[in-house]
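# Topology and contacts: notes
Residue strings, one per chain:
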Amino acid sequence: MGLLHRRRDVTVDDAVHRTAELDAARAEGARAGRALQRAQAALDSLPVGVVMVDARGHVVSRNASTHVAGAHGEVLVQEAIDRHVEAALAGRESQSAVELFGPPRRVLQVRGIPQPDGGALVVVDDVSERARLDTVRTDFVANISHELKTPVGALAVLAEALADEDDPEVMRRLAGKLVDEAHRAAAAIDDLLELSRIELGGRAGHELVQVVTVVREAAVRSLAGAEQRDIRVDVDEPSPDLCVRGDRRQLVSALANLIDNAVKYSEAGGDVFVSAPVRDGDVELTVRDRGIGIPTRDLDRIFERFYRVDRARSRETGGTGLGLAIVRHVATNHDGDVRVSSEEGEGSTFVLAIPAVVPASDPAGAHEDDEHDRPDEETFG
Ligand code: ADP
């Protein structure tokens, strides 16, 4: 009866009012749901993994970056998260690294941070790149020490021998060797400074550089070494109109390194060919030799710092193992690339390709050219 009585009390106005309240509550709920979805999407887009846990140990929120590919990796990361949640719930900050051997190899840093409300926050950070750079830096320092220790050690030994020597002929020989070793140490330091300058410089500037000047300057720089070994450097000069954008000093350094190598790894009396044809919109600074060539298995590695196919030969010819690393960096800084084709006993061809700058008046597609042809004056004029 009471119920009927109350029902009769509900007026039309009440009903309308309640329906409106219900609609508002539903809309509010939908808005909150959408806000939650947006927050989760934002959390998922973070490169850092985040797990939030309340004081009772229930996971309140967790984003996509806390998951890794592969069941084994997932288990390792989950174990680390559980450990750090437990520590954080007990009020302790903690941290550990999880190494996943991939591929790709990854290093994740997992941190647990206690929260003011008694809950826990766990952050999973991918520190793979930092770890890789640390290794590269450590290796680099070890390599530099080794590269400089050899000539500096030799200098000390030779100087001691010279001090104890009376025979003028032997003294002359020892002094000659001292000079050679001093040159070797100086060359290593020069190349290291050049490499770090080019690496630190990042992307090259936007100066318009005439390719013909680069070719001429690089050839002149390599002249002394070539003459010493009676090697002819045959230069096919490009048109003065052919240009690239970048840093002239870097480009000269890269091309001179390629010519120096062609000279160093050719038999005395040989020939080296330098040209700069244009192909597919790139100036291809090309250095070809008929020297000793490079075994196929080493081709992938010769652009690494300090990598040499034949350590003894490189040392004999005063190589520092940094020349091609410099060339590769110069290519990267100019949005270009460097390629090599080689056959043992037959010779090698290195191509440093840099985007060509063709004068605006040049008809489209006019920059196709044959590898051995001189770029046509009219094409680029
Ligand atoms: P290096 O100072 O030893 O010449 P580079 O970085 O310039 O160092 O070259 C790395 C290695 O690549 C050399 O030690 C050599 O074994 C090989 N190499 C480079 N250019 C040539 C070439 N034109 N012919 C044969 N081998 C070459």
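What counts, and at which threshold
Residues numbered from 1 in each chain as written. Predicted model: local features only at pLDDT ≥ 70, side-chain atom pairs only at ≥ 80, totals over all residues. Heavy atoms only, no water. Salt bridge = Lys/Arg side-chain N within 4 Å of Asp/Glu carboxyl O. Buried < 20%, exposed > 50% of the residue type's maximum accessible area, 1.4 Å probe, protein only. Helix = DSSP H or I, 4+ residues; strand = E, 2+ residues; numbered from the N terminus. Core = buried A, V, L, I, M, F, W, Y, C linked by side-chain atoms within 4.5 Å. Domains from an automatic or database assignment. Contact = heavy atoms within 4.5 Å. Axes fitted to C-alpha atoms, helices over the stretch in contact; angles between N-to-C directions. Left-handed = near helix turned anticlockwise from the far one by under 90°. Nonpolar A, V, L, I, M, F, W, Y, C, P; charged D, E, K, R; others polar. Pairing = 2+ DSSP bridges. Expected span 1.5 Å × (residues − 1). Arc of directions from axis to C-beta.

### Overview of the pattern of salt bridges
Evaluated as defined, the whole model comprises 21 salt bridges. For R56, the salt bridge identified is with D54, shortest N-O distance 3.8 Å. With a relative accessible area of 66%, R56 lands in the exposed category. For the salt bridge of E129 with R132, the shortest nitrogen-to-oxygen distance reads 2.9 Å. Placement of both E129 and R132 in helix α4 (residues 128–163) is noted, with a separation of three residues, approximately one turn of the helix.

### Side note on the nonpolar core
Membership of the largest hydrophobic core comes to 47 residues, with the highest contact counts inside it found for L255 and L352. Breaking this core down by element, the ones donating at least two residues are α5 (168–201), α6 (211–228), α7 (248–264), β9 (271–275), β11 (282–289), α9 (323–333) and β13 (347–357). With nine residues, α7 is the largest single contributor of residues to this core. Among the domains, domain 3 (132–201) and domain 4 (204–380) are the pair contributing at least three residues each to this core. Setting aside chain neighbours within four positions, we find L255 in contact with V214, V215, A218, V274, L285 and V287. If you look at the next biggest cluster of nonpolar residues, it comprises 15 residues, including V77, A80, I81 and V110.

### Focus: the environment of A156
Position of A156 among the secondary structure elements: in helix α4. Taking the C-alpha atoms as reference points, A156 and L178, separated by 22 residues in sequence, lie 8.9 Å from one another.

### Observations concerning the packing of α7 against α9
Look at α7 against α9: their axes get within 9 Å of each other, and the N-to-C directions meet at 145°. Considering only the axes of α7 and α9, their crossing is left-handed. For the pair α7 and α9, the contacting residues are Q250, L251, S253, A254, N257, L258 and N261 in the first and G323, L324, I326, V327, V330 and N333 in the second. Tallied by class, the residues present in the contact of α7 with α9 amount to seven nonpolar, six polar and no charged.

### Here we look at the sheet that holds strand β5 (residues 120–126)
As summarised here, the arrangement of the five strands in space is β2-β1-β5-β4-β3, forming an open sheet in which the pairing is antiparallel. A strand with exactly one partner marks an edge of an open sheet, and here the two such strands are β2 (59–62) and β3 (94–100). On average, each strand axis in the sheet is inclined to that of its neighbour by 15°, with strand direction left out of account. Here strand β1 (residues 49–53) runs beside β5; their pairing, made up of five bridges, is antiparallel. Note on β5: the bridge partner recorded for V51 is V122.

### Some details on the side chain of E194
Checked against the element boundaries, E194 lands in helix α5. Other than its neighbours up to four places away in sequence, E194 contacts R249, S253 and I326.

### Some remarks on the pairing of β2
Relative to β2, β1 runs antiparallel, the two being bridged by three bridges. Looking across to β2, one finds that V51 is bridged to R62. A loop of five residues connects β1 with β2, the two strands running antiparallel in sequence, and G57 in this loop sits at a positive phi of about 90°.

### Concerning helix α3 (residues 71–89)
Here α3 is 19 residues long and its end C-alpha atoms lie 27 Å apart, about the 27 Å a rise of 1.5 Å per residue gives. Those residues of α3 lying buried are G73, V77, A80, I81, H84, V85, A87 and A88. Looking straight down α3, one finds that the buried residues subtend no more than 165° of arc, so they occupy a single side. Turned more than 90 degrees from where α3 packs its buried face, A71, H72 and E86 sit exposed.

### A look at the pairing of β5
The buried fraction of β5 amounts to six of the seven residues, a majority that puts the element mostly inside the structure. Note that strand β4 (residues 106–114) and β5 share seven bridges and pair antiparallel. Residue pairing for β5: G112 is matched across the bridge by V122. What sits between β4 and β5 in their antiparallel hairpin is a turn of five residues, with G118 showing a positive phi close to 90°.

### Brief notes about the environment of S45
Structurally, S45 is set in helix α2 (residues 12–45). With relative accessibility at 57%, the residue S45 sits in the exposed group. In the structure, S45 is positioned 20 residues away from S65 in sequence and 7.9 Å away in space, judged by C-alpha atoms.

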